[in-house]
Amino acid sequence: MRRRRAAVAAGFCASFLLGSVLNVLFAPGSEPPRPGQSPEPSPARGPGRRGGRGELARQIRARYEEVQRYSRGEPGPGAGRPERRRLMDLAPGGPGLQRPRPPWARPLPDGAPGWPPAPGPASPGPGQRLGCAALRNVSGAQYVGSGYTKAVYRVRLPGGAAVALKAVDFSGHDLGSCVREFGVRRGCYRLAAHKLLKEMVLLERLRHPNVLQLYGYCYQDSEDIPDTLTTITELGAPVEMIQLLQTSWEDRFRICLSLGRLLHHLAHSPLGSVTLLDFRPRQFVLVDGELKVTDLDDARVEETPCATSADCILEFPARNFTLSCSAQGWCEGMNEKRNLYNAYRFFFTYLLPHSAPPSLRPLLDSIVNATGELTWGVDETLAQLEKVLHLYRSGQYLQNSTASSSAEYQRIPDSDIPQEDYRCWPSYHHGSCLLSVFSLAEAVDVCESHAQCRAFVVTNQTTWTGRQLVFFKTGWSQVVPDPNKTTYVKASG
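Rules used in this analysis
Residues numbered from 1 in each chain as written. Predicted model: local features only at pLDDT ≥ 70, side-chain atom pairs only at ≥ 80, totals over all residues. Heavy atoms only, no water. Pairing = 2+ DSSP bridges. Helix = DSSP H or I, 4+ residues; strand = E, 2+ residues; numbered from the N terminus. Axes fitted to C-alpha atoms, helices over the stretch in contact; angles between N-to-C directions. Left-handed = near helix turned anticlockwise from the far one by under 90°. Contact = heavy atoms within 4.5 Å. Nonpolar A, V, L, I, M, F, W, Y, C, P; charged D, E, K, R; others polar. Salt bridge = Lys/Arg side-chain N within 4 Å of Asp/Glu carboxyl O. Buried < 20%, exposed > 50% of the residue type's maximum accessible area, 1.4 Å probe, protein only. Disulfide = S-S within 2.5 Å. Core = buried A, V, L, I, M, F, W, Y, C linked by side-chain atoms within 4.5 Å. Domains from an automatic or database assignment. Lys, Arg positive; Asp, Glu negative; His and termini not counted. Polar contact = N/O pair within 3.5 Å; in protein donor to acceptor, adjacent residues only side chain to side chain. Expected span 1.5 Å × (residues − 1).

J.: Which residues make up the sheet that holds strand β9 (residues 290-293), and what are the values?
T.: With antiparallel pairing, three strands are arranged side by side in an open sheet as β6-β8-β9. Each edge of the open sheet carries a strand with a single partner, namely β6 (237-238) and β9. Where β6 and strand β8 (residues 284-287) come together, two bridges link them in antiparallel fashion. Following the sheet pairing, P238 is matched in β8 by V285.

Here it is as structure tokens:
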């Protein structure tokens, strides 16, 4: 497997040096239909099964129409009237943005408005997007991973910024099973590529701080498949739950807060209520500590139709929920509730309560219990998470704690204790006890609660909530000058 990945990455780099952005090593996407072109598959190479060419044409047509609907910004059935706010004005001559071209069209010229800026020193200005030209001289191509349909690579742009590239996986399960069933190579590329097109459109339509940014896309002929598609997106780090469990509660809470804000956005998007049918940690990435959804090809906007509440059973491995059937014939809030319970079972139950400040635990337990029972919706869940943030950031969570310690500490400005560390959990540093505090009084309380603590060093570094990072020490036998730190040692006696 390692040899295969190395060979793919090496061939991929070579192709860029030769001026070809997407060759056979970069999985061909499809031949997306141009305006007015029927999305029929190419002539079959074999007899196929289950209706052969007709069945494949039906599947391509269904995905094609879904992409068209999202591209026009239309809400799905049962979504109700969309909000007035829009991520992109689709009207001709609308304010601030040109009418976007269909997603199957070739890329707009560099500089077209409506795209977020790419990162790094070589990024284009605001409103510009990346296209094929940006990929001609990339370096450091690395295979990141692949799923059912897509493969993901990391590359570095000429200015040094790193981005992610997604394309249909040439040897993936989705493409391979289609070819085995229908024997139509080009048609199967088109079927698979419509999932990538759908994700590209949704990344643009659902633009939000907790949705991965789409920087651009590129069409390039590859082998016998014209116009294969690659999307260019923001690069994030995979979500590793075991590693997250070892991080500070503050960082884990940030991930849960990010998820709460994302689910609120999906529940009230311009397209209607969006549900993530494939809701697992691997569908998310971390970008500078913020959780962002990256995989949207299995997202769904349509609510579930129903005749009675018996048609509105929300099934999970551990339990089921029965929701109401509306007078309009749609299961009420099923998309929102599915997202919320998945957030509970994959994130909240593991990341929220453990090692949290004691005064915040009752509120955090309420959030976990309410989402686990689906007694709250996303609006109330987010409101409670924002309340936790306010209490923590403002220091109000300390008001009900025990009285401050009477211990006295001597202040030594512009100094540091380079050694005499001990480990505590959770710590921002694995080899020492590095914690965040709201105030000097809290730092004293922490030191007094640790039997081995005899001193602490306040740094000039802060966390995402503005709290200061403090090293706690076993002694102060060696104090050295450091203009960016202040040392406090426990007074003798």
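J.: Let's hear about the packing of helix α3 (residues 173-182) against helix α4 (residues 185-205): which residues, and what values?
T.: Where α3 contacts α4, the axes come no closer than 9 Å and their chain directions differ by 145 degrees. Two packed elements cross with a definite hand, and for α3 against α4 that hand is right-handed. Residue-level inspection shows D174, L175, C178 and V179 of α3 in contact with α4, the latter providing R185, C188, Y189, L191, A192 and K195. Here the residues of the contact of α3 with α4 sort into seven nonpolar, no polar and three charged.

J.: Residue-level account of the packing of helix α2 (residues 53-71) against α3, with values.
T.: Closest axis-to-axis distance for the α2/α3 pair is 11 Å, and the angle between their directions is 145 degrees. Contact residues: α2 offers E55, L56, Q59 and R63, while α3 offers D174, C178 and F182. Here the residues of the contact of α2 with α3 sort into three nonpolar, one polar and three charged.

J.: Give a detailed account of the pattern of salt bridges, specifying residues and quantitative values.
T.: Opposite charge on two side chains allows them to pair when their charged atoms are near. In the structure shown here, the tally under the stated rule is 20 salt bridges. The partner of D416 in a salt bridge is K485, and the shortest N-O contact between them spans 3.3 Å. You can see D416 sitting in strand β14 (residues 415-416) and its partner K485 sitting in the loop between β18 (480-481) and β19 (486-490), a full 69 residues away along the chain. Residues D421 and K473 are paired through a salt bridge, measuring 2.7 Å at the closest nitrogen-oxygen approach. Linking D421 in the loop between β14 and β15 (433-437) with K473 in strand β17 (residues 468-473), this pair joins segments that are 52 residues apart in sequence. In this structure D421 comes out as partly exposed when scored by relative accessible area, which is 35%. The network of salt bridges with shared partners includes K150, K166, E199, D295 and D297.

J.: Let's hear about the environment of G475: which residues, and what values?
T.: Within the fold, G475 resides in the loop between β17 and β18. For the pair formed by G475 and Q419, sequence separation is 56 residues and the distance between their alpha carbons is 8.8 Å. Residues within four places of G475 in sequence aside, it is in contact with I417, E420, R454 and A455.

J.: Can you lay out the state of the cysteines for me, pointing to particular residues and giving the numbers?
T.: Summed over the entire model, instances satisfying the criterion amount to six disulfides. Covalent S-S linkage joins C312 and C331, the inter-sulfur distance amounting to 2.1 Å. A torsion of -90 degrees about the S-S bond marks the disulfide between C312 and C331 as left-handed. One end of the pair, C312, is in the loop between β10 (299-300) and β11 (313-315); the other, C331, is in the loop between β12 (320-322) and α7 (334-351), with 19 residues separating them in the sequence. Take C312 and C331: they sit in the same class, and that class is buried. Bonded cysteines in the protein are paired 1-4, 2-3, 5-7, 6-8, 9-10, 11-12 when counted in the order they occur along the chain.

J.: With reference to specific residues and values, describe the nonpolar core.
T.: If you look at the biggest cluster of nonpolar residues, it comprises 75 residues, and the most contacted ones within it are L259, F279, F284, L296, F347 and L352. With ten residues, helix α6 (residues 249-267) is the largest single contributor of residues to this core. The residue makeup of this core includes at least three contributed by each of domain 1 (128-235) and domain 2 (238-398). Apart from residues no more than four positions distant in its own chain, F284 is found in contact with V239, L259, L262, L276, F279, L291, K292, V293, T294 and F347. Within the second largest apolar cluster, 16 residues are counted, among which are A443, C453, V458 and F472.

J.: Account for the side chain of D482, with residues named and values stated.
T.: Mapped onto the elements of the fold, D482 is located in the loop between β18 and β19. Buried and unpaired, D482 has K485 as its nearest opposite-charge partner, separated by 4.0 Å. Within the structure, D482 has its side chain in polar contact with the backbone nitrogen of N484 (distance 2.9 Å). Those residues in contact with D482 that lie beyond four places of it in its chain are D414, S415 and D416.

J.: Can you break down the sheet that holds strand β16 (residues 455-462) residue by residue, with the values?
T.: Sheet architecture is open: five strands sit in the order β13-β19-β16-β17-β15, paired in antiparallel fashion. The two strands at the open ends of the sheet, each matched to only one other strand, are β13 (409-412) and β15. The sheet shows a mean angle of 25 degrees between the axes of neighbouring strands, taken without regard to direction. Bridge count for β16 against β17 is five bridges, and the pairing is antiparallel. Its bridge partner lying in β17, A455 is registered against K473.

J.: Give a description of helix α8 (residues 361-373) that names residues and reports values.
T.: For α8, with 13 residues, the first-to-last C-alpha span of 18 Å sits near the 18 Å given by 1.5 Å per residue. Along α8, the residues that are buried comprise L363, L364, I367, V368, A370, T371 and G372. Residues of α8 that are buried sit in contact with α6, β12, α7 and α9 (378-394). Just past α8, the residue L374 takes up positive phi, approximately 55 degrees.

J.: Just give me the short version of the side chain of T465, but keep the residues and values in it.
T.: Structurally, the position occupied by T465 is in the loop between β16 and β17. Of note is the side chain of T465, whose polar atom sits 2.5 Å from the side chain of E250. Among the polar contacts listed, one links the side chain of T465 to the side chain of T463, at a separation of 3.1 Å.

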